[in-house]
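What the coordinates show
Each chain, letter by letter, is given below.
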Amino acid sequence: GYKAASQAVETTFGQIPIPGRGGGSIPSCTILEKELGIKIIFMGFGLDNDNLHSPNEKYNIENYVKILPMVPHNEAIEIMMRSHLLLLIKATGQGSQGQIPGKFFEYIGTGNKILFLGPLESEVAGIIRKINAGFVFENDDSGLADLIFNEYKAFLTGDVGRNMPGDIELFSSELMARKVADLL
């Protein structure tokens, strides 16, 4: 537990860590702890002035998440094709239910599973369910933790085959253009 983590930090950085024992926990992590039977230790790295939970955080997320620079469209598609699970986060609020980002259709075209975080009753959620293109979550930490755990296990075993959604032709450019023309 903590002793092993403390020794690892001391060995790596040459400094004895000072436990702060502060902050909150992430609900999904307690579920993963229970399911995996392991203890999870949150080890914050940063400065006192990083203000990890204040409105104007200075956490420098670039240190923990790989942020790619702008890439040409064809390279972006290649990156999507190499991915195991594609994340799509949809805003909520008035007027957002019927909005469908163009990126969503590129995601469908890759054949990779989509992890959608947004309104269950949105157009995007409905399409994902209709063509079995992935997973839809809204305010469900337990279900999300289970999914991430199961998808990670599948990734580790190499079970990451393409998931070409059914009825994808319903959203082809040609058919969508005909539908618009019919409306006009």
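Note: the structure precedes this text.
What comes next is a walk through the structure. Quick caveat: nothing in here was measured; it's all calculated off a predicted structure. (Residues numbered from 1 in each chain as written. Predicted model: local features only at pLDDT ≥ 70, side-chain atom pairs only at ≥ 80, totals over all residues. Heavy atoms only, no water.)

1. Let's talk about the overall build of the chain
- Per the secondary structure count, the chain includes 7 helices and 3 strands.
- Reading the secondary structure of the chain in the N-to-C direction produces α-α-α-β-α-β-α-β-α-α.
- With 184 residues in all, the chain has 24% of them scored as buried.
- Counting only contacts in the chain whose residues sit at least 6 apart along the sequence, the fraction spanning at least 24 positions is 53%. (Helix = DSSP H or I, 4+ residues; strand = E, 2+ residues; numbered from the N terminus. Buried < 20%, exposed > 50% of the residue type's maximum accessible area, 1.4 Å probe, protein only. Contact = heavy atoms within 4.5 Å.)

2. Here we look at the nonpolar core
- Leu88, Phe104, Ile114, Phe116 and Ile128 are the most contacted members of the largest nonpolar core, which totals 16 residues.
- At the level of elements, α3 (73–82), β1 (85–89), α4 (102–110), β2 (113–117) and α5 (123–131) are the ones that each hand at least two residues to this core.
- Among the elements that make up this core, the one with the highest residue count is α5 (5 residues).
- Each residue touching isoleucine 114, except ones within four places of it in the same chain, is listed here: Leu85, Leu86, Leu88, Phe104, Tyr107, Ile108, Ile128, Ala133, Gly134 and Phe135. (Core = buried A, V, L, I, M, F, W, Y, C linked by side-chain atoms within 4.5 Å.)

3. Re a negative patch on the surface
- Residues Glu35, Asp140, Asp141 and Asp146 make up a contiguous surface patch of negative charge.
- Tracing the backbone through its elements, the reader meets glutamate 35 in helix α2 (residues 27–36).
- On the basis of relative accessible area, glutamate 35 is assigned to the partly exposed category, the value being 45%. (Patch = residues over 30% accessible without salt bridge, like charges linked within 9 Å, V, L, I, M, F, W, Y side chains within 5 Å. Areas by Shrake-Rupley, 256 points an atom, 1.4 Å probe, with all protein chains shown as cover. Salt bridge = Lys/Arg side-chain N within 4 Å of Asp/Glu carboxyl O. Lys, Arg positive; Asp, Glu negative; His and termini not counted. Charge placed at Lys NZ, Arg CZ, Asp CG, Glu CD.)

4. Quick notes on the sheet that holds strand β3 (residues 134–137)
- Strand order in this open sheet of 3 strands is β1-β2-β3, and the pairing throughout is parallel. For this open sheet the edge positions go to β1 and β3, each flanked by a neighbour on one side alone. The average angle at which neighbouring strand axes cross in this sheet is 15°, direction not considered.
- Taken together, the 4 bridges between β2 and β3 define a ladder with parallel strand orientation. By the bridge assignment for β3, leucine 115 is matched with phenylalanine 135.
- Where α5 meets the sheet, it contacts β1, β2 and β3, and its direction lies at approximately 145° from that of β3.
- Packed on one face of the sheet, helix α6 (residues 141–156) meets β1, β2 and β3 and runs near 155° to β3. (Pairing = 2+ DSSP bridges. Axes fitted to C-alpha atoms, helices over the stretch in contact; angles between N-to-C directions.)

5. Quick notes on the pairing of β1
- Burial along β1 is one-sided: the residues Leu86 and Leu88 are buried and none of Leu85, Leu87 and Ile89 is.
- Here β1 runs beside β2; their pairing, made up of 5 bridges, is parallel. Among the inter-strand pairings, leucine 88 is bridged to a residue of β2, identified as phenylalanine 116.
- At this point the chain moves from β1, through α4, to the parallel β2, and the crossover so formed is right-handed. (Right-handed = clockwise from strand over helix to strand, strands pointing away.)

6. Some thoughts on the pattern of salt bridges
- Enumeration over the complete set of coordinates arrives at 2 salt bridges.
- With its nearest N and O atoms 2.9 Å apart, the salt bridge here joins lysine 113 to glutamate 151. You can see lysine 113 sitting in strand β2 and its partner glutamate 151 sitting in helix α6, a full 38 residues away along the chain.

7. Some points on the environment of tyrosine 107
- Along the chain, the position of tyrosine 107 falls in helix α4.
- Spatially, the C-alpha atoms of tyrosine 107 and methionine 80 are 7.3 Å apart, while their sequence positions differ by 27 residues.
- Beyond its immediate stretch of four places on either side in the chain, tyrosine 107 contacts Met80, Leu86, Leu87, Leu88, Asn112 and Ile114.

8. What to know about the side chain of lysine 90
- Mapping lysine 90 onto the fold places it in the loop between β1 and α4.
- From its side chain, lysine 90 meets the backbone oxygen of glutamine 99 in a polar contact 3.5 Å long.
- Beyond its immediate chain neighbours, meaning those up to four positions away, lysine 90 contacts Ser96, Gln99, Phe116, Leu117, Gly118, Pro119 and Val124. (Polar contact = N/O pair within 3.5 Å; in protein donor to acceptor, adjacent residues only side chain to side chain.)

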